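# Commentary on secondary and tertiary structure
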Amino acid sequence: MAQNRILKPRESAWPHESTKMAVAPPSYCFVAFPPRAKDGLVVFGKNSARPRDEVQEVVYFSAADHEPESKVECTYISVAQVPRTHAIMISRPAWLWGAEMGANEHGVCIANEAINAREPAAETEALLGMDLVRLGLERGATAKEALDVIVALLEEHGQGGNYYEDAGSCHSFQSAYLLVDCEEAWVLETVGKYWAAEKITEGVRCVCNQLSLTTKIDAEHPELRSYAQSQGWWTGDDEFNFSEVFSPPDDHLACCSGKDSLEKQEESITVQTMIDILRDKASGVCIDSESFLTTASVVSVLPQNRSSPCIHYFTGTPDPSRSIFKPFIFVDDVKLVPKAQSPCFGDDDPAKKEPRFQEKPDRRHELYKAHEWARAVIESDEEQGQKLRKTMLELEKQGLEAMEEILTSSGPLDPTEVADLFYDCVDTEIKFFK
């Protein structure tokens, strides 16, 4: 078991950054619908760009009933709990309550992006964008239901607080979301409590760390336009263009590089295509810079034929080009995977005490530690590294082929066969690295 050691107080990782507005990490999320995606499948993918040394864990929570009047403690604040929450599988920075991305038992997938907008995000602690991802998954049985949950909570509690485990300065952002089910997707972009959303049922879409909604808005905050007018950002005379009105004045609104990666695909988009896009460092979709790294990735496939199961592939480790995408399927009695979960520090966690983040505990889980060894080999020994990568991709390929069989099979899925699927994949990966 990982030692729960506490590291010494640390300086801010970004001493050179102005306090005016933190730089939003360059994460990307994608969705592809048939006919662009293959065989009546909706394909979803996300790369989570975060501070380089941050650990992400992959955690399953079963569906649960809750007492009336009970509260749920999110990262910084508590909100009223609902009578029942859905089963969820999430990938999250190990210090916070919410999620960067994940899925629920009803085939809803959500990812969020930190974004900069004309109005700086609040530093006051409220709900984080990541908290809203998890709350949407726990409470929404469709993408639209999850959207309604998120905007209602935004209206009631607002968004704000530090996005990073960093005592040196507060990095706060506005949020964009991609919410997907097997019938439709919604792009939701938020500035404070104000928001706009677009519904998507065909083609491909990429959401990154810039506002992307323009004049096609299918749902919005009732006071969105009057608020923009009151701030002097929109006259009311010309057509309302959300990203033009709410983006920072110096933002060039360049098309995010991920959009090209997806749109230039000539073949049908499959799980493998999405994995390849997430691994692409040349396009910028897979970030590996001085400040940021893709610390975890996910790809989900949602069959439009509801008799087939949704399959979700999580890495649980940094840099998808050196990670294995491991499958997970929602069934009863899912076997928990402690080796992909970070140590728990309870009330002693420096993220839960105020002032926050005075120390940095070692949050590495067993899978992360094994993967660190593999990354060191790949970086230091070219021949051994190539061999290692080849075997990793072979392991991944076996998983993808086994899942393809499940998707194309006409018979019903045997839940006992897949209850320990993710557990076995993590176990195999760790053994392989040792």
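- By the naming in an unreviewed UniProt entry, the protein goes by Secernin 1 and is assigned to Catagonus wagneri.

## A look at the environment of Leu367
- Looking at the element boundaries, Leu367 is found in helix 7 (residues 366-380).
- Through-space distance from the C-alpha of Leu367 to that of Gly316 is 7.6 Å; in sequence the pair is 51 residues apart.
- Other than its neighbours up to four places away in sequence, Leu367 contacts Thr315, Gly316, Thr317, Lys326, Lys339, Ala340, Val426, Glu429 and Ile430.

## Regarding helix 1 (residues 129-139)
- With 11 of its 11 residues buried, helix 1 lies for the most part within the structure.
- If you check which residues of helix 1 are buried, you get Gly129, Met130, Asp131, Leu132, Val133, Arg134, Leu135, Gly136, Leu137, Glu138 and Arg139.

## Description of the pattern of salt bridges
- According to the stated counting rule, one finds 31 salt bridges in the structure shown.
- A salt bridge links Lys38 to Asp39; its shortest N-O distance comes to 3.0 Å.
- Taking relative accessible area as the criterion, Asp39 reaches 55% and is therefore assigned exposed.
- Each of Arg52, Lys281, Asp288, Asp319, Arg322 and Glu379 takes part in a single network of salt bridges with overlapping partners.

## A few points about the sheet that holds strand 17 (residues 292-303)
- Strands sit in the order 15-2-3-17-18-19 across an open sheet of six strands; the sheet is antiparallel. Strands with a single pairing partner mark the edges of an open sheet, and in this sheet they are strand 15 (204-207) and strand 19 (326-328). Sheet twist, expressed as the average angle between the axes of neighbouring strands with direction ignored, equals 15°.
- Looking at chain direction, strand 2 (residues 28-32) and strand 15 are connected through four bridges and run antiparallel. The residue of strand 15 that forms the bridge with Ala32 is Val204.

## Focus on unusual backbone geometry
- Look at the link from Pro34 to Pro35: it is a cis peptide, with omega at 5°.
- Here Pro35 is to be found in the loop between strand 2 and strand 3 (41-51).
- A cis amide bond links Glu354 with the next residue in sequence, Pro355, at an omega value of -5°.
- With respect to the secondary-structure elements, Pro355 resides in the loop between strand 19 and strand 20 (360-361).
- One non-glycine residue with positive phi stands out, namely Glu69, at about 65°.
- Take Glu69: its relative accessible area is 79%, and that puts it in the exposed class.
- One non-glycine residue with positive phi stands out, namely Asp333, at about 60°.
- As for its placement among the helices and strands, Asp333 is situated in the loop between strand 19 and strand 20.

## As for the packing of aromatic side chains
- Under the definition given, this model contains 15 aromatic pairs.
- Seen from their ring centres, Tyr60 and Phe330 are 6.2 Å apart, and the 50° between their planes marks the pair as tilted. Of this pair, Tyr60 sits in strand 4 (residues 56-61) while Phe330 sits in the loop between strand 19 and strand 20, and the two are 270 residues apart along the sequence. In terms of burial, Tyr60 and Phe330 fall into one category: buried.

## Brief notes about the nonpolar core
- Counting residues in each nonpolar core, the largest one holds 90 residues, and the members touching the most others are Phe242 and Phe246.
- Looking at this core, the element that brings in the most residues is helix 8 (residues 382-408), giving six residues.
- Phe242 has contacts with Glu189, Val191, Trp195, Ala196, Leu211, Leu213, Thr214, Ile217 and Leu224, leaving out every residue within four places of it along the chain.
- One finds Ile77, Phe173, Phe292 and Phe357 within the second-largest nonpolar core, a separate group that totals 47 residues.

## Describing the pairing of strand 9 (residues 88-93)
- The buried fraction of strand 9 amounts to six of the six residues, a majority that puts the element mostly inside the structure.
- Neither face of strand 9 is left uncovered, since the one carrying Ile88, Ile90 and Arg92 and the one carrying Met89, Ser91 and Pro93 both have all their residues buried.

## Points about the side chain of Glu100
- Note on placement: Glu100 falls in the loop between strand 9 and strand 10 (101-104).
- A distance of 2.6 Å separates polar atoms of two side chains, one belonging to Glu100 and the other to Ser48.

## Here's the deal with the environment of Ile277
- With respect to the helices and strands, the residue Ile277 is situated in helix 6 (residues 271-278).
- According to the relative accessible area criterion, Ile277 is buried, its value standing at 3%.
- Linking Ile277 and Leu41, residues 236 residues apart in sequence, is a C-alpha distance of 17 Å.

## Quick word on the packing of helix 8 against helix 10 (residues 421-433)
- Where helix 8 meets helix 10, the axes come as close as 11 Å, and the angle between the chain directions of the two elements is 165°. When the axes of helix 8 and helix 10 are compared, the pair comes out roughly antiparallel. Once helix 8 is placed against helix 10, the crossing between them reads as right-handed. Along the contact surface, helix 8 presents Leu388, Thr391, Met392, Leu395 and Met403, while helix 10 presents Leu421, Thr428, Phe432 and Phe433.
- In terms of residue class, the contact of helix 8 with helix 10 is made up of seven nonpolar, two polar and no charged.

## Looking at the sheet that holds strand 9
- A sheet is described by the order of its strands in space; here eight strands give the open sequence 4-9-10-11-12-13-14-16, paired in antiparallel fashion. Strand pairing shows two members of the sheet lacking a second neighbour, strand 4 and strand 16 (219-220), which therefore form its edges.
- Pairing geometry for strand 10 and strand 11 (residues 109-115), over three bridges, is antiparallel. When the sheet's bridge partners are listed, Ala103 is paired in strand 11 with Cys109.

## Concerning a negative patch on the surface
- Residues Asp237, Asp238, Glu239 and Glu244 make up a contiguous surface patch of negative charge.
- With respect to the element layout, Glu239 can be found in the loop between helix 3 (224-230) and helix 4 (242-246).

Basis of the calculations
Residues numbered from 1 in each chain as written. Predicted model: local features only at pLDDT ≥ 70, side-chain atom pairs only at ≥ 80, totals over all residues. Heavy atoms only, no water. Helix = DSSP H or I, 4+ residues; strand = E, 2+ residues; numbered from the N terminus. Contact = heavy atoms within 4.5 Å. Buried < 20%, exposed > 50% of the residue type's maximum accessible area, 1.4 Å probe, protein only. Salt bridge = Lys/Arg side-chain N within 4 Å of Asp/Glu carboxyl O. Pairing = 2+ DSSP bridges. Axes fitted to C-alpha atoms, helices over the stretch in contact; angles between N-to-C directions. Phe/Tyr/Trp six-rings, centres within 6.5 Å; stacked < 30°, edge-to-face > 60°. Core = buried A, V, L, I, M, F, W, Y, C linked by side-chain atoms within 4.5 Å. Polar contact = N/O pair within 3.5 Å; in protein donor to acceptor, adjacent residues only side chain to side chain. Parallel < 35°, antiparallel > 145°, perpendicular 65-115°, else oblique. Left-handed = near helix turned anticlockwise from the far one by under 90°. Nonpolar A, V, L, I, M, F, W, Y, C, P; charged D, E, K, R; others polar. Patch = residues over 30% accessible without salt bridge, like charges linked within 9 Å, V, L, I, M, F, W, Y side chains within 5 Å. Areas by Shrake-Rupley, 256 points an atom, 1.4 Å probe, with all protein chains shown as cover. Lys, Arg positive; Asp, Glu negative; His and termini not counted. Charge placed at Lys NZ, Arg CZ, Asp CG, Glu CD.

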